[in-house]
Each structure stands twice: as C-alpha cells, then as structure tokens.
Amino acid sequence: MSETPKPDELFSNIDYRPPSSGWMDTPVDIKKGIYSYAGNPKSLEYVGLPFARQWNPIDEDWSLPENWKEIISKGFRERLDRFRSIKVFMDICVRCGACADKCHFFIGSGDPKNMPVLRAELLRSVYRNDFTTAGKIIGSIGKNFKKIIGARELDLQVLKEWWYYLFQCTECRRCSVFCPYGIDTAEITIMGRELLNLIGLNIDWIITPVANCYRTGNHLGIQPHAYKDMMDFFSDDIEEITGVKVEPSFNRKGAEILFVTPSGDVFADPGTYTCVGYMMLFHYLQEKYGFDITWSTYASEGGNFGFFTSHEMMKRLNAKMYAEAKRLGVKWIIGGECGHMWRVIHQYMDTMNGPADFLEEPVSPITGTKFENAKSTKMVHIAEFTADLIKHNKLELDTSRNDHLKVTYHDSCNTSRGMGLLEEPRYVIKNVCNNYYEMPVNTIREQTFCCGSGSGLNAGENMELRMQGGLPRANAVKYVHEKHGVNMLSCICAIDRAALSASVEYWVPEVEVTGVHEMVGNALILPGEHKRTTDLRSEPLPGMEDDDAE
Amino acid sequence: MNISYMYSLIAVVVLFLLAYVGVKLPGGEVFFGVIIPYLALIIFVLGFVNRVIDWARSPVPFRIPTTCGQQKSLPWIKSASIDNPSGTGGVIVRMILEVVFLRSLFRNTKCELKAGDKISYEWEKWLWLFSLIFHWSFFIVLFRHLRFFTEPVPACLQLLEKLDGFLQIGLPGLMLSGVALLAAVTFLFLRRILIPQVKYISLGSDYFPLFLIFGIAFTGILMRYFTKVDIVGAKAFTMGLVTLKPHITEGVGSVFYVHLFFVSVLLAYFPFSKLMHLGGIFMSPTRNLANTSRVKRHVNPWNYPVKIHTYEAYEDEFREKMIEAGLPVEKMMEPETPEEPEEKE
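Definitions and cut-offs
- Residues numbered from 1 in each chain as written.
- Chains lettered and ligands numbered in written order.
- Predicted model: local features only at pLDDT ≥ 70, side-chain atom pairs only at ≥ 80, totals over all residues.
- Heavy atoms only, no water.
- Helix = DSSP H or I, 4+ residues; strand = E, 2+ residues; numbered from the N terminus.
- Rg over C-alpha atoms; globule rule 2.2 N^0.38 Å.
- Buried < 20%, exposed > 50% of the residue type's maximum accessible area, 1.4 Å probe, protein only.
- Lys, Arg positive; Asp, Glu negative; His and termini not counted.
- Charge placed at Lys NZ, Arg CZ, Asp CG, Glu CD.
- Contact = heavy atoms within 4.5 Å.
- Buried area = accessible area lost by both parts, 1.4 Å probe.
- Salt bridge = Lys/Arg side-chain N within 4 Å of Asp/Glu carboxyl O.
- Nonpolar A, V, L, I, M, F, W, Y, C, P; charged D, E, K, R; others polar.
- Domains from an automatic or database assignment.
- Core = buried A, V, L, I, M, F, W, Y, C linked by side-chain atoms within 4.5 Å.
- Pairing = 2+ DSSP bridges.
- Axes fitted to C-alpha atoms, helices over the stretch in contact; angles between N-to-C directions.
- Parallel < 35°, antiparallel > 145°, perpendicular 65-115°, else oblique.
- Left-handed = near helix turned anticlockwise from the far one by under 90°.

**Q** Could you give me a rundown of the overall build of chain A, with the residues and numbers involved?
**A** Along the backbone of chain A there are 23 helices and seven strands. For 550 residues, the compact-globule estimate of 2.2 N^0.38 gives 24 Å, and the C-alpha radius of gyration of chain A, at 24 Å, lies within 12% of that figure. A principal-axis box enclosing the C-alpha atoms of chain A has dimensions of 80 × 50 × 40 Å. Of all 550 residues assigned to chain A, the portion counted as buried reaches 69%. Of the side chains in chain A, 60 bear a positive and 74 a negative charge, and the two mean positions are spaced by 8 Å.

Structural data, given as structure tokens:
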C-alpha cells in the first residue's frame, strides 16, 4: 500500500489547471493509492461472471479475452437499446462545464478526467466513433478530424482509462443536479462498469462482497450463526448499559414486519452502535405496543454491491428481500439506514423483483399511519417509521443523554438525490438531541457531498483517492466544527459510517461519526431500565464523568 | 493554438467564402437560394424526427429521477412538489422551469480553494444568465423572422418587434435581441477559451456552432443596419420559398445569401450534433419522471428472470450451524449435507 500524503500536503497539491496536452493525448497513469485491486477470480467464478482470472491493473498485459473489443462493442449496442438514459446522455451533452467542479473527486484531486463531463467523454468518444453517423463519416476523413469531433477508437489505453476513472466515481449524482439536461454520470458509470464486467474487469472491494452476499446473504460473508452471535453480543452490551435484556428474533415465520439493514451495521464500528439503536427501539416498541418484527440471516444485507457491478447482479442480490418476506409471511418490510441500499429499494426493487403482491400496504401498527408513499414497494425507511413514531409522541426520550454531542447531519447521496429523504432524519435528530447545526447550504440536502468512498470504493489500497473524494464533505464538517464546536457527524448510511470515520479522522480528527438510530437508542427510555451512566459507546454520559460505570 | 477552434473557425470562413463567391457563379443563386435551403430543411426535419424516434425506441427501464428536494412521504412533512415531483403536474412545471428558465443551471456554483484549507462554493450566475440570454434572444430573433414568411404579418409579431426595438435607436431601429444574441455568443465563446477547464473539455463541435451562429447574427446585423438589404426584395424571395414557388429576386446581395447559407448549414448540422439537446431535454429520465417509484410499480419491458441463490440452497449449506445457533430452519438435518449450494433459475 502506498503512503497517503498528509492532509496539508494533499490539500496544497490540488491543482485545477489542466495539463498542457489534450485529454485524448494524455495517456492514463494508473497510480498507487488511487486504484483499487482487481477482483479475486474466485469471487467472479462464484457468481458466474465471465473471464475470471488473476490480473493486475498496473501490469501492461491485462490478459483480456481475444475478442474483447467485439464484446464491448456488442455490449454497448445492447445497452443503448435498453436504456434511453444512456442513449440520450451520449448525444446531448453540450460541454458547458457546469458539472466540472461539482464532483468531489475533481474538487479533491484536480484531475481533469474526474470532471463528470470528461468522465462521460471517455465513453462518449468511443460512442461517437462506433455508433454515430457523424463520427463514421468524419472519422473516415482522418484521425485529426476524429479528434476535433471528440471521437476515438477503443484500444487498450482507452479501456484502461475507462477502468481507472469509472472506479473513481461514486455514482453520487451530484453533477446531475447541476446539469441543465439532468445528465447523470451515475448512469454512465453504471453502464461503463457493466461493460467492463463483460470482460472480467472489476475491483475486489466490489466483487468479493457481491460473492459473499450471494452466498451468505451479506457482503461481509457473515454466516448465520455468526450473525446471531454478534447480535447476542450487542444484547449483552445493551444489558450492561441499561439493565434491560433485549432479545431480537431471527428468520421468524409469521412476524408482522421484516427488518433488513446493511451488514456493516452488525460488523463495523461505529455502525454497530446504530444496530444497537435499532435493537433498543424494536425492544421498546415490543414491550410498549406489542411490536412484532424479525431480522433475517438470509436477507441480512440491505446494501447491494450488485448495483456497482451490473443491473443484473443488482437484481440477483436484491431478490432475497422479497423472497424472504414471502417465505416468512410478513406483511411489510422496514429498511435500515443505508444510502445506495435505498436507491435500489426506492428506484429499482419493485420494478426488478416486484410486484410484491404477497405483502400488504405498510401501516404502522403503533400509530396507524399508512405509508402511502410505499404502498407498492411495501418497504419503509426506518427514518420515516421513527419520525412518525416521534410525531405521534410514541417514544419516551431523554434528550439530555445526547447533550455531550454537537451534531451535524450528512445527507447520503442516494437518499437525497435518488429519493428525497431529507426532513425525516432531521426531524428524528432534532427530537433526540438538543444541539444541532446544519453544514453550509451548498453542501447539504440535494447538494450534499459524497463521503468519497461510495459505490464500492471503500477499500484500503485507494486511500489517497478516498481522502481526495472525502475532502469536500470533511471540509464542510470542519467549518461547523470550528464555528459551532460540532463534534458528531450523523448520517443514515453504513458506507458513510465506515468511510466518513476515515475521512473525518484524516481531515477533522476532533469529530466522530454516528448513525441517527444510535442517538435514538441513547435517548430512548427503555421500560425497566436502570439509571444509565454511559452512552451506547460505553463512554460516560454528561454529568456522569466521575461515576465509575463498572 | 487550439486546433479545435481553429478548424471550426476555418470551416465557417470557408462556408462564408463558398456562399459569397458561389452565389456569383452561374446558377449560384438558385443553388444557394433554393436548392440548399430546401435540402437543409428536409435534412433538419427528417434528422430531428429520426433522432427523437431513435431515442424513444429505447425504453426507460427504471424510474430514475434526480430528486432535488424533499420527497412526498408523511403528510405533515412539506414536500418539494417541483424539484421532487410526486405527480405529472409537478413534472410539467419542473420541465417548464428547466426548458424556459434553465432551472438547473441557475443552481450553478463555483468552487474555489481558499487559503487556510477552506473551500468555498459561490453562486455562479453568469453562465446561467448568458445561456438564458442566448436562448431567449435566439428564439426572439427566430420568431421575428416569421415576418418574412407571413403575409400579412400577424399583430403579435409587430408587437414583439416594437418591444424588441423599444430603444428606438437609429434607422432601421435597433433590435435588442440581435445585439443580445451576438453578445451572448461572444460570452459563451470567450468562456470556452478563457476558463481552463472549459477550454480543456471543448471540442471542435462546441466551437463550430458558436462561430456559425455568430456568423448568422453578424450577417443579419450587417444586412439590416449597414448594407441595408432590399427588404421588399428579400421578402418576395422568402415568400417564394415558403409558398413553394421559389423565384430569384434580383439585387438582394451576396450577404443575404451568406446569411441564408449559414442558416441552412446550421439546420442541416443540427440533428447530428449536440444541438439536439433541444429535443433531448424533454426525454431525459432524470428530469421528466415523477418520484413515485414506491407508490406505483414502474414496469421494465425487458425485465428478465435471473439466477438467484435461494433460501433452500442457503439453508442446505448452513443448516447444521443454524440449528446449533438456535436459528429456525425449514428442514431438519438430513444425513448428508450437500457441499455445493444448489441454485435455481
């Protein structure tokens, strides 16, 4: 692994001046710290992806199949015929450049090929050459003319450039907010990655979670017994902190509701505290109102790294949610805090794996609220569910337990720009803690910045890239930290919890990261609990610093 | 020297000379005045329609609007009915704002690194403003030209001309739209060569239409205010074109033919270029769909069955461990546990 530069060094290295050579004449330079390792062939094989092999991105030879150009060309044609988005987006960009400085990777690196427009041109140039009349006619005059209209042939260098830069996009859609035609680089990256997967090019941090998820039900490859072990461990923690024994149920037939959350919540700090928050909330509701919910080990992943592989792989992994809901005979589904999981559920699931006619339209058993906005997909976001509970005064909360926190909130890319879940989490946060501050307006809500490691880029070997991409978000956190003393960055995404922890540690080390339901759990007064002296992280509560909590 | 704009500039100069000189050759007036304009119009219409049909032939498999505001969820949370439309009405308003006022470009910010590791995002209104001026003035100029294709000239056109020329400078009266168009094209060009990033991404096909439109506006202004084209003759000629009884009018001058030729080239070039954003904006799935994907099922016409890892295969692999951990199972242990999980379609 390469040495990641120090923050001030990384910041002062950012140079927005493009190189003197044109982008088509600047060959790709695959840099350590930026690229991610190639996919493990065993993982590709497990899920039946083609051309599984050992290959190394920095080698000259990528051991490509002989007819790789033909495969890509055919795949491109197929996708043009299947997706109007890609066809229109290939044709109508005017290169106004409004998207250029909207990308967190461009802001943090200055690499011109990280301008969304240029990332798309990497594919468009080949599109023009191969699929447009103008490209074919003008291209036949001569190579120079080709360049003037932005067309070029697909060769190994171009392919490497695709791979390198398509895995420097987190599909966050921020550029698409500013584009006058709504051109969405996420669509282009998704399509480009699909093409790369046709010839066995992927990154391991995506494809191994995909294979894990296919087999064990979750990205981390946690087997059912281990999943239960972890949850038992959390139950012990809760008992220690509150004196209350919480007993979640798993794979239980006949439960009213199925709960699905990203496995990161079960496995990695600080997501685990969010998981503890869910468990406490469900226990509270069960004790008070007879709430009936089950977890599943088979559908133990909310996230969907298939989304970062291909539409087909997304569907294959997502299918487990409805399948499990059907098998268990639940009425509807609640989904935990996760970003791209919710893009998939909100914009794709019903279309891909629906109709979910075996489920019922979601109604909160506690408040009677009908979730009309989820009546077809039958899956409700936990922030929607909890906001509704709080609105109806169904939760007993001691907000002073979060008084040691000065909280800001990071909108996840996918829930803000692929859904519009903006107010629900804010409502929950403001009702469970007393000190809340917004980051600057150009960095939140639909203009939110990516954590810098989304869409499968949360690996270890590409840390420099992640810190570059994480800069705009962290910089806004730093602003509220300095202005208001913010010490806690909240979010509703498991990738965020892992990624922001690293980028905030790097850029603003005084700030920590939390899920929204961790703060809910901290404030929630469980029936029969003893006086709490610590928060869910076993750190002393405000005013309890001197008490020794065993 | 940037070959992208040099070549484009040379192309427009060549086009100018072609028309300027060509029209003086025998048959030149018929060629540049009748054949080329008709041909260009046919190419434009067929090309445009063909492109739109081609786009429409590809389905929209998923409902993927870019949501730029609060979703419609709980009744007590106010939703952004335009930036995150929950119905057709909202989509229509969103599209109107986008097409007529360039709504998304209005959001544009400029990112700058400041001393002391600060990053600022300031509202950048100039691109929006000049793009708006460009499109609107182009539209008004185009609309004004209907006076050459209608007899009598409709009242609304006369009113527009009055508004456009309200400054009442010079004779013939100065039309604001023409000047605005020229100014906006100039801005858009300067921006392309002065902002390093925009220069870096600009292609010949970005400069060419700018030069061409500059040429159109320039020759138009030249004719109106300086060479003082024979308006009656010009109108007789254009009325001939529009009534499909083309005839050459003497004495309209070479600049007129250059102007007409530039317009013809723009029309013929249109369907094969980025100018198709005129049609494409209406078909952009991130803008023209309501955010209703959880309310109403969106159907993908090519949705096909995929291979999934079933619960049965999963339980078969992990049954022993599940039972040991006290997790419920469908089937109790059988003597043999399959090594490889079975998969089904």
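That covers the picture; the talk isn't over yet.
**Q** Which residues make up the interface of chain A and chain B, and what values go with them?
**A** At the interface, 123 residues of chain A touch 94 residues of chain B. Between chain A and chain B the total buried area reaches about 9300 Å² when both faces are included, carbon and sulfur atoms providing 58% of it. Two residues, R297(B) and D350(A), come together in a salt bridge whose shortest N-O distance is 3.6 Å. Split by residue class, the side of chain A that touches chain B holds 54 nonpolar, 32 polar and 37 charged.

**Q** Let's hear about the domain arrangement of chain A: which residues, and what values?
**A** Residues and elements named next belong to chain A. Here chain A is described as being made up of domain 1 (7–30 + 50–201) and domain 2 (210–523). Placing the centre of domain 1 and that of domain 2 at their C-alpha centroids yields a distance of 32 Å. Each partner contributes to the interface: domain 1 provides 29 residues, whereas domain 2 provides 33 residues. Summing the contributions of domain 1 and of domain 2, the shared interface buries around 2500 Å²; its carbon and sulfur component is 64%. Interface area lost by domain 1 to domain 2 is led by L10, R173 and R174, which between them contribute 22%. Summed over the shared surface of domain 1 and domain 2, the number is zero salt bridges.

**Q** Any details on the nonpolar core? Residues and values, ideally.
**A** Ranked by internal contacts, the top residues of the largest apolar core, which has 178 residues, are W162(A) and W163(A). Here this core takes 11 residues from helix α9 (residues 204–226) of chain B, the largest share from any one element. One finds I293(A), I334(A), Y436(A) and M488(A) within the second-largest nonpolar core, a separate group that totals 80 residues.

**Q** Break down the pairing of strand β1 (residues 109–114) of chain B for me, citing the residues and quoting the values.
**A** Residue and element names in this part refer to chain B. One ladder, built from six bridges, connects β1 with strand β2 (residues 118–123); its direction is antiparallel. The residue bridging E112 from the neighbouring strand is S120, located in β2. Between β1 and the antiparallel strand that follows it, β2, lie three residues; G116 among them carries a positive phi value of about 70°.

**Q** Would you mind going over the packing of helix α6 (residues 116–131) of chain A against helix α9 (residues 156–166) of chain A in detail, with residue names and values included?
**A** All names here are of chain A. At a minimum axis distance of 10 Å, the contact between α6 and α9 shows a crossing angle of 150°. One finds that α6 runs roughly antiparallel with respect to α9. For the pair α6 and α9, the sense of crossing is left-handed. In this structure, α6 uses R119, L122, L123 and V126 to contact α9, whose residues at the interface are V158, E161, W162, Y165 and L166. The residue inventory of the contact of α6 with α9, partitioned by class, reads seven nonpolar, no polar and two charged.

**Q** Would you mind going over the side chain of E464(A) in detail, with residue names and values included?
**A** Residue and element names in this part refer to chain A. Along the chain, E464 turns up in helix α21 (residues 463–484). One buried charged residue, E464, remains without a salt bridge, the closest side chain of opposite sign being K31 at 7.3 Å. With residues up to four places along the chain from it excluded, the contact list for E464 reads T4, P5, L10, K32, G33 and I34.

**Q** An account of the sheet that holds strand β1 (residues 257–260) of chain A is requested, with residue identities and associated values reported.
**A** All names here are of chain A. If you walk across this open sheet you meet the four strands as β2-β1-β3-β4, and the pairing is parallel. Each of the sheet's edge strands pairs with one partner strand only, and the pair in question is β2 (293–295) and β4 (379–381). Across the sheet, the mean angle from the axis of one strand to that of its neighbour is 30°, orientation sign disregarded. Relative to β4, strand β3 (residues 332–335) runs parallel, the two being bridged by three bridges. Its bridge partner lying in β4, I334 is registered against V380. Here helix α15 (residues 271–289) sits on the sheet and contacts β1 and β2; the angle it forms with β2, its principal contact strand, is near 150°.

**Q** Lay out the packing of helix α18 (residues 382–391) of chain A against helix α20 (residues 423–432) of chain A with the relevant residues and their values.
**A** Residue and element names in this part refer to chain A. Closest axis-to-axis distance for the α18/α20 pair is 8 Å, and the angle between their directions is 45°. What the angle tells us is that α18 and α20 run oblique. Seen along the crossing, α18 lies across α20 with a hand that is left-handed. In this structure, α18 contributes A383, E384, T386, A387, I390 and K391 to the contact, and α20 contributes E424, P425, Y427, V428, N431 and V432.

**Q** An account of the domain arrangement of chain B is requested, with residue identities and associated values reported.
**A** Where the parts come together, the accessible area they lose is often given as the size of the interface. In terms of domains, chain B is made up of domain 1 (3–283) and domain 2 (305–345). Taking only C-alpha atoms, the centre of domain 1 of chain B and the centre of domain 2 of chain B are 63 Å apart.

**Q** Quick one: what's the story with the sheet that holds strand β7 (residues 512–515) of chain A, residue by residue and with numbers?
**A** Residues and elements named next belong to chain A. Read from one edge of the open sheet, three strands run β5-β6-β7, paired in parallel fashion. For this open sheet the edge positions go to β5 (407–410) and β7, each flanked by a neighbour on one side alone. Strand-to-strand, the axes of this sheet are offset by a mean angle of 35°, without reference to chain direction. Across four bridges, β5 lies against strand β6 (residues 488–491) in parallel orientation. Counted as the bridge partner of Y409 is S490 from β6. Contacts from helix α22 (residues 494–507) reach β5, β6 and β7, with the element oriented near 170° to β7.

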